[in-house]
Amino acid sequence: MASAYALPILILTLAIIPFERTCGSHHHRPLPRHKSLHLSLFRHETINKTGYVIVRGVEGGAGRTTAESRTPFGTIFVFEDPLTAKANRSSKQLGTAEGTSITSGLDGLSIISVAKLTLRLKNHKGSISIVGGTNDNMKRSDHPVVGGTRDFLFVQGYVTSSPLHQKGSTVVYKIRLHLYWPPYPPRRRP
Ligand SMILES: *[C@@H]1O[C@H](CO)[C@@H](O)[C@H](O)[C@H]1NC(C)=O
Ligand SMILES: *[C@@H]1O[C@H](CO)[C@@H](O)[C@H](O)[C@H]1NC(C)=O
């Protein structure tokens, strides 16, 4: 009985394979190779100039401590910081980081951040969107990249941020971007 079914299946398979091959060669160009981009930028944040506390958190909550990097639970901070090529503020500006940080931990240390980095690099222009948690603003943090626009369409990866130095009310952060594009054929812009 089994052989009676095997022959029609074999014929069917042989008929489908060449059809799909021809079909495929007409509609699919070879997939582009995986693309990635790794670079460092410097973010300059000045309290009450490029970043402001918009909502003060719960006073007297668990967040009250002596540690400088702690902010009361529920604090909403909004920023629009320049991103430069070098740690020197006078170096070439390559982008802007706009976003918000909300103190989400009762300890006053953990923060949820949402940011859009608009980048004007030599070969890549567009924005990348970042969402993630920070455990202590004064320590290194890793944030996943959730997507991007224009040259960063479909981008994935992560961004690390570490405070480099502080001068008065300005903190300079070193931002490392590790971006990967999946091997999709490039999509036409709408
Ligand atoms: C920023 O402004 C607020 C409100 O005016 C003030 O309380 C705070 O001390 C200022 N911070 C700095 C670092 O200047
Ligand atoms: C930053 O760059 C400016 C202009 O190029 C220069 O005058 C200044 O000395 C630099 N500062 C540091 C700390 O390198």
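Provided above is the structure to which this section pertains.
Residues numbered from 1 in each chain as written. Chains lettered and ligands numbered in written order. Predicted model: local features only at pLDDT ≥ 70, side-chain atom pairs only at ≥ 80, totals over all residues.

Considering the overall build of the chain
Each helix and strand counted, the chain has one helix and nine strands in total. Mapped in sequence order, the helices and strands of the chain form the string α-β-β-β-β-β-β-β-β-β. Taking all 190 residues of the chain together, the buried fraction comes to 23%. (Helix = DSSP H or I, 4+ residues; strand = E, 2+ residues; numbered from the N terminus. Buried ≥ 20, exposed ≤ 12 C-beta atoms within 10 Å, placed from the backbone.)

Considerations on the pairing of strand E5 (residues 111-120)
Within a regular beta strand, the side chains point alternately toward one face of the sheet and then the other, so they alternate between its two faces. Residues of E5 alternate between two faces, with Ile111, Ser113, Ala115, Leu117 and Leu119 buried on one and Ile112, Val114, Lys116, Thr118 and Arg120 left unburied on the opposite face. In this sheet, E5 lies alongside strand E4 (residues 93-103) in antiparallel orientation, the contact comprising nine bridges. Across the sheet, the residue bridging to Thr96 is Thr118, located in E5. Sheet topology places E5 next to strand E6 (residues 125-134); ten bridges connect them, and they run antiparallel. Pairing of Ile112 across the sheet is with Gly133, part of E6. Where E5 folds back on E6, the antiparallel hairpin that results is connected by four residues. (Pairing = 2+ DSSP bridges.)

Topic: the pairing of strand E8 (residues 156-167)
Bridge count between strand E7 (residues 141-148) and E8: five bridges; the pairing is antiparallel. Across the sheet, His143 pairs through a bridge with Val159, a residue of E8. Across eleven bridges, E8 lies against strand E9 (residues 170-181) in antiparallel orientation. Paired with Gln156 across the strands is Tyr180, a residue of E9. Hairpin connection, E8 to E9: the antiparallel pair is bridged by two residues, and Gly168 has positive phi, about 60 degrees.

Concerning the nonpolar core
By size, the foremost hydrophobic cluster in this structure holds 20 residues, and its most contacted members are Leu83, Leu117, Ile128, Ile130, Val145, Val155 and Ile175. For this core, the secondary structure elements donating two or more residues are strand E1 (35-46), strand E3 (76-84), E5, E6 and E9. The element that contributes the greatest number of residues to this core is E9, accounting for five residues. Apart from residues no more than four positions distant in its own chain, Val155 is found in contact with Ile128, Val145, Gly147, Gly148, Leu179 and Trp181. (Core = buried A, V, L, I, M, F, W, Y, C linked by C-beta atoms within 7 Å. Contact = placed C-beta atoms within 7 Å.)

Geometry only, nothing functional implied.
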